[in-house]
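# Observations on the three-dimensional arrangement
Read off the chains here:
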Amino acid sequence: MKSAFFFSLDLPSREFIELSVGKAKDQRVGFLLQIDIKSGILSESKEVARSNYDAMVEVARECSGSAVLLLSQESGHIGVSHDEIALGRRIEEQGIGFGIVSCDGSRVKILNLPRYVAQNKLLNIDQLEDLIAPSGNLQKLFEGYEDRKAQRKMLRLVAEKYNKGGSALVEAGTGVGKSLAYLIPAASWGALNGEVSVVSTSTINLQQQIVTKEIPLVEQLTGSKIKWALVKGRNNYFSIRRLKLARSQQTQLFNNDRSKQLERIAGWAEKTRDGSLSDMDFVPHQDVWDEIKSDSDVCLGSSCPSFQTCHYQNSRRDISKANLLVVNHHLLLSDSWAKNSDTANPQRPVLPKYKRLVIDEAHNLEDVATTQFGTRIDTDGISRILERFSSKGSGLLVAISNSLEKNPENPELVKIKNSLDENFQSILSSAKESIELLLTIIEEKIHPFVPGSSQTVAMDFPDVDVNYLIVRASERLCSSLENLRKKTKSVRMALEMETTSEPNEHILDLISSENSLEEIVSGVQLVFSGDHQEGSHVRWIEWSSNSKRSNRNLIIQSMPIEPGTTMRNALFSEMDTLILTSATLSTLGSFDFVKTRFGFGSDETDPGSRNLTLTEMMLASEFDFGTRSLLAIPTDFPDVRNSGVLHRERTAEVIAEMARHVNGGVLVLCTSWESLVEITQLLREIPNLKLPILVQGEDTRTRLLEKHMKNSKGVLMGVGSFWEGIDLPGAALRAVIIPRIPFSVPSTPINAARIDRYSSRGEDPFKEFMLPVATLKLKQGFGRLIRSSKDSGVVVILDKRIVSKSYGSQMRDSLPNAEVVSGSWETIRVRLKEFCGLFEPGQ
Ligand code: SF4
């Protein structure tokens, strides 16, 4: 027990305690309070138990941060008893503070401070705020500085959560500058306490933006260097050693001639900054990347001659030195999965242990968790593994055989060589036949193959005979792959006995193949039996839309219906500081929807995890949407649900008209690839529309955005990922056109399962699930329009349900506070002309 610290109660707590102790007569009363170290004041008193020490410890277990449990003093007793010391120890183990309070609340003796307060140097929140406040360093650095009160408010909250511990959900509208608001406290905490913080965002591009733009700015503001590292998954990096091998053994490794691509990669490898895929300006073939990527199974670690120059190893060295790790959601969740999963898991943790986590773009987290915590098997992937062994006279077996031939005098090696020839081919043939059998049964009994279609079928086969056939086929596949794994292992072990030279590439390749086979077998077992996932996961099959009749590729997936509970139990509740933030988290002024999706609304708390109390903060955009933006909704437009081509023709006309009004600078956000293609085609057929039309899928996203920014006079057409993360300030974006409300397709297996889940709880799935999802997406789309205080523009929604349906008003109320104009297109046109004339870009 540490020495005593003296604090006092604020008046309401003092009165409350006096009253409670009086009512409890001779019982000892436990109170929970919040402590403010700077002022020395305890406040927010709550009674938690009377004379029941176990109950007090139980309450303490569910608290975090700056909480303190006070026990009322035994009447007539001065000093601290053995019982109190014992209770204090138990409370201290839970990380919160403990103390004794006099019966009238006038005196408090704190015996233990909360762990975070006691162990860490605290941030000076006022000083941090001063950096971005008027007359602070930010104003000194930027001529066009504007005071952003919302940013300061967020910074204070984040810094408080660092000092006291705890969790917060912060919606920060566009222009608030949330990155600075969390990076300044996170970086300062690392500098002060040397403790690691993880900052996660949704894509590698956004990670890049944080480390190239935001972190240097924080360094300028604080005047100190930040030890940061950008963390990517291992398979993003190429291996110097494997690239050399692939170039020297390419005829054995690849079915097709990959020499040109390998030479191109070798040229890039000489110059690359970080050796990762995102530093490449071309996309390598998958089979090539598989052979040259960094892979833990075939990495020699410190025995590798390239260890010192290896990009992957350098990235790990950077991680070990950093106290600010910038990651993406995929990596964050796969790391958490690897740390917590008890099933056979090929992923290994990448991140060190950490307790401080900021999740930016948190609205994307559930989607990433759904794939990251799920299982995906595709028959092409299995075939690729088989081809690694043997394919058209090349492959691993040929390579091993050729190398063994060089030792004809060693009888053991000759024996291994013969066993390769004798047994492998029959096992490989059996595995290929098993795949073919499975494909045939699925195609004939369940889901006919239609080229180009990616329709899905749920994996519950009520027909007992069909079910039996499929389970048998999957078992046969597992058994043949397991045979192959065992055979591979026996060859590898024999080679290990006979090989003295280190390292032996073939042994490493065999280990890698063994691991891949093991992973596939457990995946196939999981998705086809799925017994232990019953009720928590949804399983389905689909044919890959890219595959041809001659080369059908079956995809089988199992995904968690509600991954929020896993995220909360395995990740969120482990954190001392947790900040979840995004520009779009609330619907209708409430966080209820995202809280449910993140697992905060569920009762299924892991017994080992803490309950989390979230501080909620909504910060409206700093931009003047009221005068600088217009939301236009034509009500005489064809109904989007049943007028197909007519709606698309009118949409194309409106796009063309808007593009002329605003002289280009139009972003069209579609809800399906099909509508994107059709509207684009109709738009291109409109005569005399002399504006460039840039379409997602016709070039990389980065190049499309660069081209659009460069001439600022074009129409940019997108779907899916274009609804967010697009930042086109000024003339490049003056109109956003949304042909249809972005409701997700209710019939996809995962949506159907979620809808069922809501219905089974007696909730309205449309109101509680479909509507909030669409509203958040619409908010994201709308948010593309105004990216700086000088931006202005129009959002046109060509789906009249947003005014005709009762839910439409809920959606509109969740959008930024723009002027709304609805009515006939003629009426709208008049207002649009006036409005567009009001603002020139950048005014
Ligand atoms: S250390 Fe490992 S990943 Fe790096 S070059 Fe060597 S084998 Fe490849």
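Thresholds applied
- Residues numbered from 1 in each chain as written.
- Predicted model: local features only at pLDDT ≥ 70, side-chain atom pairs only at ≥ 80, totals over all residues.
- Heavy atoms only, no water.
- Domains from an automatic or database assignment.
- Buried < 20%, exposed > 50% of the residue type's maximum accessible area, 1.4 Å probe, protein only.
- Pairing = 2+ DSSP bridges.
- Helix = DSSP H or I, 4+ residues; strand = E, 2+ residues; numbered from the N terminus.
- Axes fitted to C-alpha atoms, helices over the stretch in contact; angles between N-to-C directions.
- Contact = heavy atoms within 4.5 Å.
- Polar contact = N/O pair within 3.5 Å; in protein donor to acceptor, adjacent residues only side chain to side chain.
- pLDDT = per-residue confidence, 0-100.
- Phe/Tyr/Trp six-rings, centres within 6.5 Å; stacked < 30°, edge-to-face > 60°.

Further remarks concern the domain arrangement of the protein chain. Each domain of the protein chain was delimited in the assignment, giving domain 1 (5–119), domain 2 (125–227 + 566–619), domain 3 (233–307), domain 4 (378–560) and domain 5 (625–838). Summarising the inter-unit geometry, the C-alpha centres of domain 1 and domain 2 are found 30 Å apart.

Another point: unusual backbone geometry. Look at Leu 588: it is not a glycine, yet its phi comes out positive at around 50 degrees. On the basis of relative accessibility, which here comes to 46%, the residue Leu 588 falls in the partly exposed class.

Strand order in this open sheet of seven strands is β9-β10-β8-β11-β16-β7-β17, and the pairing throughout is parallel. This sheet does not close on itself; its edge strands, each paired only once, are β9 (228–230) and β17 (614–619). Each strand axis lies, on average, 15 degrees off the axis of its neighbour in the sheet, ignoring direction. Examined bridge by bridge, strand β7 (residues 166–172) and strand β16 (residues 577–582) share six bridges and lie parallel to one another. Across the sheet, residue Gly 166 finds its bridge partner in β16, namely Thr 577. Docked against the sheet, helix α9 (residues 204–222) engages β8 (197–201), β9 and β10 (324–328), running at close to 155 degrees with respect to β10.

Here the focus is the pairing of β8. The element β8 is extensively covered by neighbouring structure, given that five of its five residues are classed as buried. Alternating positions in β8 separate into two faces, Ser 197, Val 199 and Thr 201 on one and Val 198 and Ser 200 on the other, with burial throughout. Summarising the sheet, β8 and β10 pair through five bridges and their orientation is parallel. The residue bridging Ser 197 from the neighbouring strand is Leu 324, located in β10. In the sheet, β8 pairs with strand β11 (residues 356–359) via four bridges, with the strands oriented parallel.

Residue position: Gln 372 is located in helix α16 (residues 365–372). What Gln 372 contacts, discounting residues up to four positions off in sequence, is His 330, Leu 333, Ser 334 and Trp 337. A polar atom in the side chain of Gln 372 sits 3.0 Å from the side chain of His 330.

Looking at the protein chain as a whole, the pLDDT averages 87, with 93% of positions reaching at least 70. Confidence, expressed as mean pLDDT per element, reaches its minimum in the protein chain at helix α4 (residues 115–119) with 69 and its maximum at β11 with 98.

A few words on the packing of aromatic side chains. Per the stated rule, a full pass over the model turns up 14 aromatic pairs. Here Tyr 162 and Trp 189 contribute two aromatic rings whose centre-to-centre distance is 5.5 Å and whose plane-to-plane angle is 50 degrees, an arrangement assigned as tilted. Remark: Trp 189 occurs in helix α8 (residues 178–193) and Tyr 162 occurs in helix α7 (residues 149–164); sequence separation between them is 27 residues. Judged by its relative accessible area of 0%, Trp 189 is buried. Plain terms: the ring middles of Tyr 237 and Tyr 312 are 6.0 Å apart, the flat faces sit at 65 degrees to each other, and that makes the pair edge-to-face. Of the two residues, Tyr 237 sits in the loop between β9 and α10 (240–248) while Tyr 312 sits in helix α14 (residues 311–321), which places them 75 residues apart along the sequence. The pair Tyr 237 / Tyr 312 is uniform in exposure class, with both members buried.

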